[in-house]
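Structural features, examined
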Amino acid sequence: MQSTEYLRVSSLHAFYGESHVLHGMDFTVRRGECVSLLGRNGAGRTTTLRAIMGLTGKRTGSIMINGREAVNLAPHKIAQLGVGYCPEERGIYSSLTCEENLMLPPKVGSGGMSVEELYEMFPNLKERRHSQGTKMSGGEQQMLAMARILRTGARLLLLDEISEGLAPVIVQKLAEIIQTLKQRGYTIVLVEQNFRFAAPLADRMFIVEHGQVVAEIAQHELQEKQAFLQETLGV
Amino acid sequence: MIEIFGVPLPSLMGQLTLGLVNGSFYAVLSLGLAVIFGMLHIINFCHGACYMLGALFTWMAMEYFGLGYWWALLLVPLSVAAIGIVLERLLLQRLYKLDYLYALLLTFGIALMIEGGFRYLFGATGKPYSIPDELTGALDLGFMFLPKYRAWVIGASLTVCLFTWYMIEKTRLGAYLRAATENPKLTQAFGINVPVMVMLTYGFGVGLAGLAGVLAAPTTQVSPLMGSNMIILVFAVVVIGGMGSILGSVITGLGLGVVEGLTKVFYPEASAVIVFVIMAIVLWLRPAGLFGKGA
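A brief look at the structure comes next.

**With respect to the nonpolar core**
All names here are of chain A. Judged by nonpolar contacts, the single largest core of 159 residues is most densely connected at L7, I65, F122, L159, I178 and L181. Aside from chain neighbours lying at most four places away, what touches L159 is L49, C86, M146, I149, I178, I188, V189, L190 and V191. The next biggest cluster of nonpolar side chains, apart from the first, holds 12 residues, and it includes F195, A202, I207 and L233.

**Concerning the sheet that holds strand β8 (residues 187-192) of chain A**
Residue and element names in this part refer to chain A. Taken in spatial order, the 6 strands make up an open sheet running β6-β7-β8-β3-β9-β10, and their pairing is mixed. Taken across any chain shown, the strands that pair with only one partner, and hence form the sheet edges, are β6 (83-86) and β10 (212-218). Pairwise comparison of adjacent strand axes, ignoring direction, gives a mean angle of 20 degrees for this sheet. Together, β6 and β7 (156-160) form the strand contacts of helix α6 (residues 138-150), whose direction differs from that of β6 by roughly 170 degrees. The strands touched by helix α7 (residues 168-183) are β3 (34-38), β7 and β8; relative to β8, the strand with the most contacts, the crossing angle is about 155 degrees.

**So, the sheet that holds strand β1 (residues 5-16) of chain A**
Residue and element names in this part refer to chain A. Strand order in the open sheet formed by 4 strands is β2-β1-β4-β5, with antiparallel pairing between adjacent strands. Both outer strands of the open sheet, β2 (19-30) and β5 (68-69), are each paired with one neighbouring strand and no more. Pairing of strand β4 (residues 59-65) with β5, which is carried by 2 bridges, proceeds in the antiparallel orientation. Counted as the bridge partner of I65 is R68 from β5. Sitting on the sheet, helix α1 (residues 45-52) touches β1, β2 and β4, and the angle it makes with β2 is about 75 degrees.

**What about the interface of chain A and chain B?**
Taken together, the 25 residues of chain A in the interface contact 17 residues of chain B. Together, the buried faces of chain A and chain B total about 1,800 Å²; carbon and sulfur atoms form 57% of this surface. Of all residues in chain A, H76, Y93 and L104 of chain A give up the largest surface area on contact with chain B, accounting jointly for 33% of the area buried on that side. At the junction of chain A with chain B, the criterion picks out 1 salt bridge. Of all elements in the fold, only α2 (75-79), α3 (98-103) and α6 of chain A reach the threshold of two or more residues within the side of chain A that touches chain B. With 3 residues, the top contributor of residues to the side of chain A that touches chain B is α2 of chain A.

**Some thoughts on the state of the cysteines**
Residues and elements named next belong to chain A. Summed over all chains, the structure comprises 0 disulfides over all chains. The thiol of C34 is not disulfide-bonded; the next cysteine sulfur, from C86, is found 14 Å away. A relative accessible area of 0% places C34 in the buried class. Here C98 stays free of any disulfide, with the sulfur of C86 as its closest cysteine sulfur at 14 Å. Residue classification places C98 among the buried residues on the basis of a relative accessible area of 0%.

The rules we used
Residues numbered from 1 in each chain as written. Chains lettered and ligands numbered in written order. Predicted model: local features only at pLDDT ≥ 70, side-chain atom pairs only at ≥ 80, totals over all residues. Heavy atoms only, no water. Core = buried A, V, L, I, M, F, W, Y, C linked by side-chain atoms within 4.5 Å. Buried < 20%, exposed > 50% of the residue type's maximum accessible area, 1.4 Å probe, protein only. Contact = heavy atoms within 4.5 Å. Pairing = 2+ DSSP bridges. Helix = DSSP H or I, 4+ residues; strand = E, 2+ residues; numbered from the N terminus. Axes fitted to C-alpha atoms, helices over the stretch in contact; angles between N-to-C directions. Buried area = accessible area lost by both parts, 1.4 Å probe. Salt bridge = Lys/Arg side-chain N within 4 Å of Asp/Glu carboxyl O. Disulfide = S-S within 2.5 Å.

The structure is reproduced here in structure tokens:
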């Protein structure tokens, strides 16, 4: 299975200054797979994505991205391995227009979507393309944060809480987009609080507690593990 | 002869253009400070020393290598920028994680060392530098004679400021710069080499100071002390304009040069302090500066 493995995180420890946040994260994501990191607030899911991107303090352990060790690389080198990162706070730049935000991230791989394709997928962005980035609605900003990493040719998408705080109709739209991306062969890591959003999309789910993966649940095990999920996630 | 408020028109216009010339230097210098502050969040106290280096290198190029004004205009800003890049790589970049006061102290110390060193080598007396042949003489505008060199300084400075503004606000490189200014970590996570951009930004900022020094060389006595005299005024300009605004620093620089020039005509006794009086009033009424965003 080695060849189909796209992301392997092993015994990853990460720190913010003195505080030790990740305590040996272990999980793998296969090429073209969509996995979700589930857990309570503060369990270390967001930190896991930030650690993969090199945005935390000190990191130890191993992060293999498409066969390359990334644990000692600077963030821009990690992105250039073909990783697209959508942060929890969305990270839309207020000093850039919608279109400048969209065009900002440089190409990190071949086969990214064209601007026309993205405007077709996210029609609102086309209408708002001259608006200041942060003057757009929460939903539009989320669409923009997604769209701008699809343009770059990144094949591994790290998506942090993309459904958070959005109206149900927009969450539905995002779910459709994730489905489309899965069909197109993207490898996706979804960090989610919203179990109902993640459950139908993820091929496998990792339950994170205290900076470690405590359980792995495949899509077909969802029914039988219902009680366990209820207990650990409160869903 | 036409007079305005009892002042002959030619002498009024003379002071006005002189004010614009000084304002051009303020504009280019405070623009460099604003660009550096925006990206590095440091107050570059050795900016005046870089301005002085620009003028002194121009004089040295002529004195020791026989390189004239136009060569200096090309090479001196590049060498000042190169010195800035070396300083950034060797010293400044180690301080980004600390309180900004450390960088302020470091750049202040560098300024003292550069000035002290050149004062030791060349003494404190000013050295004359003549206006290049192409720019000597004056244009007859009918109502006044405009010395060509003054027109050149104003025109060249405005062009540089406009070019910088265009680069930052309208180009892809500028979008990288704005993004890195706003959220450096995320910008780097998109694959943009932010540390190199920071280095080049610092080089560009001090290169602008070097350019101002080249432009200033024929208008003043070139001396190791010219930077410290200038930088105090430029900091006042930055405080009045508000830190970090590109257009604001340019407009404020030019405006204050003119105000200073006019003060020389109407109330010469106040001309040395007028900028600081304005600074006090602005700080009182609008602490963030005329173009500053919030406090």
